[in-house]
Amino acid sequence: MTEVHKPLLFSALERYGSFLFFVVSAAILARLLSPEEYGIFALVSALTSVIVAYFQEFGGSNYLIQRPSLSEQNIRTAFTVTLLLSLSIALVLFGLRDLAAQFFGQDGVRIGIALCALNFVLTPVPVTISALLRRQMAFGALARCNLAANFGSSLSSIVLAAAGYSFMAPILGTIIGTLIATTLLLMCQRNWRIFKPSLVGYRDVFEFGAYSSAVVIVNVFYQWSPQLILGRILDFTAVGLYSRAVSITQVFDRLVLQVVNPVIMPAIAAHARAGGDLKKAYLDAVTLVSVLHWPCLIFIALQANHIILVWLGPTWVDIVPLVQVLCIASLSMFAACLTYPVLVAVGRVRDTLLASLISLPPSLAVIFAAAFFGVQAVAASALLTLPFQALIAIYFVGRQLSFTASDFLHAVLKSVVVTAWMVAGVLLSILCCKYGGAGPIIGLLSGSILAAAGWFVGLVLTRHPLLPQIRMAIRGILPLGRAGFRQLRRHSS
């Protein structure tokens, strides 16, 4: 599937630009907001993210991408369903703001939910246009719009936090980012007839959306459940600490998975429509993801103290053990990003829901029980719950693609060796810094350099399949760089 390399390049530019904004804004907001203030924001995000995921999926983001043939009527119906759900949920959410504030014993939750309800009114337009651009693999236009929106959101959050808006700053920043994204995406969409309301064929949207949205809402609710449980059983400081730890653990998601995720679904759907070998495609993808996923998480775990001191400051040093435990637990989830696209591609969207219903309720029970023993116990519970979820997901995919445990282990064997070389580089750095008395900045820099060197040596020695992909990416980037340089010279002359 070499046709995905250019979309991946644009997706990478967008995500890495957005990640840069995230790193800078998180570093500044960590010094402007206390753990308790950040905890209120995290709790509001947890409450609203579940609902956002529901209406986006039910309305048809993935429906528009996976449909074999797409007409203007299909788009209008999907947009209308998304809009009606969005407006309904916004009204319900606004009406329940007082009840939520009473339940969690925090008046700030009321204000936060009221502001987030406003965001629902804006979201249907960018959701629909983004889905169409992804289907068309037009990731260049999508990258420009999303980068501008993320920059506006990050900058406004910082300015508002500095002005004393407390936990409301990142919430208002999100709304501003949505406004920017909506405006720019509308400029990319020349056919505004797709926003004309219609319910013709709505059953088709509902049939796909019922399963798709159920899968997403179950998974998103589970993802945010620790914050909700901690907010109820413990306090908002615990919510803030856990949320920060999770955000650091998810650095790999921002660096890699959020680059490939927008491309995975349309690429696999197109591969399936063309009659390609999904088993080989899946195992090849597992090989590539694992060699990026495992080294990144282990590096974060080993360098957690330096990362937090340099990035967030000493106020957040208490989250070091949380980050380390969550990173180790998350190693098992390296193939998770492939489960949903593959099962949808083979027409088994119901299996995605069944797998979630088997794995997530027991995991949620474990988290709830752990919360009574503190935030560290909640983090430690992931050592049980995440491997269990991974095994269930791999089982369902393996049943459809007919690969064996031996096939799967063979796909990740070289990645294990590469990861070991990376770990050797990091441990060498830690040893040198310990006896050399180096500070956190030097420790982080040396660790990054030696980790990268060890990782690359591992790639070369194992002849890992990622190497040809890197060469292809470089060959794709160089012509773009030369073209940009020539254009710059023409403008300057």
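Refer to the structure above for everything that follows.
Residues numbered from 1 in each chain as written. Predicted model: local features only at pLDDT ≥ 70, side-chain atom pairs only at ≥ 80, totals over all residues. Heavy atoms only, no water.

## Some words on the pattern of salt bridges
Thinking step 1. In this structure the tally under the stated criterion is seven salt bridges.
Thinking step 2. Among the ionic pairs, Asp-107 bridges to Arg-110, the shortest N-O distance being 1.8 Å. Pair noted here: Asp-107 and Arg-110 are both in helix 6 (residues 107-122), with a separation of three residues, about one helical turn.
Thinking step 3. On the basis of relative accessibility, which here comes to 45%, the residue Asp-107 falls in the partly exposed class.
Thinking step 4. Between Lys-280 and Asp-284 there is a salt bridge, with the nearest N and O atoms lying 2.8 Å from each other. (Salt bridge = Lys/Arg side-chain N within 4 Å of Asp/Glu carboxyl O. Helix = DSSP H or I, 4+ residues; strand = E, 2+ residues; numbered from the N terminus. Buried < 20%, exposed > 50% of the residue type's maximum accessible area, 1.4 Å probe, protein only.)

## Side note on the packing of aromatic side chains
Centre distance and the angle of the planes are the two values used to describe a pair of aromatic rings.
Thinking step 1. Enumeration over the complete set of coordinates arrives at 13 aromatic pairs.
Thinking step 2. Measuring from ring centre to ring centre gives 5.3 Å for Phe-368 and Phe-372, while their planes differ by 85 degrees; the resulting arrangement is edge-to-face.
Thinking step 3. Using a relative accessible area of 53% as the deciding quantity, one classes Phe-372 as exposed.
Thinking step 4. Look at Phe-403 and Phe-408: their rings are 5.9 Å apart centre to centre, the planes differ by 20 degrees, and that puts the pair in the stacked class.
Thinking step 5. Look at Phe-403 and you get buried, because its relative accessible area is 10%. (Phe/Tyr/Trp six-rings, centres within 6.5 Å; stacked < 30°, edge-to-face > 60°.)

## Concerning the environment of Leu-431
Thinking step 1. Its location among the elements puts Leu-431 in helix 19 (residues 405-436).
Thinking step 2. Of the residues examined, Leu-431 reaches a relative accessible area of 46% and is grouped as partly exposed.
Thinking step 3. A C-alpha to C-alpha distance of 10.0 Å links Leu-431 and Gly-443, two positions 12 residues apart in sequence.

## Observations concerning the state of the cysteines
Thinking step 1. Inspection of the entire model under this criterion finds zero disulfides.
Thinking step 2. No disulfide involves Cys-296; its sulfur sits 7.9 Å from the nearest other cysteine sulfur, which is in Cys-327.
Thinking step 3. By relative accessible area, Cys-296 is classed as buried at 18%.
Thinking step 4. Residue Cys-327 is classed as buried on the basis of its relative accessible area, which comes to 0%. (Disulfide = S-S within 2.5 Å.)

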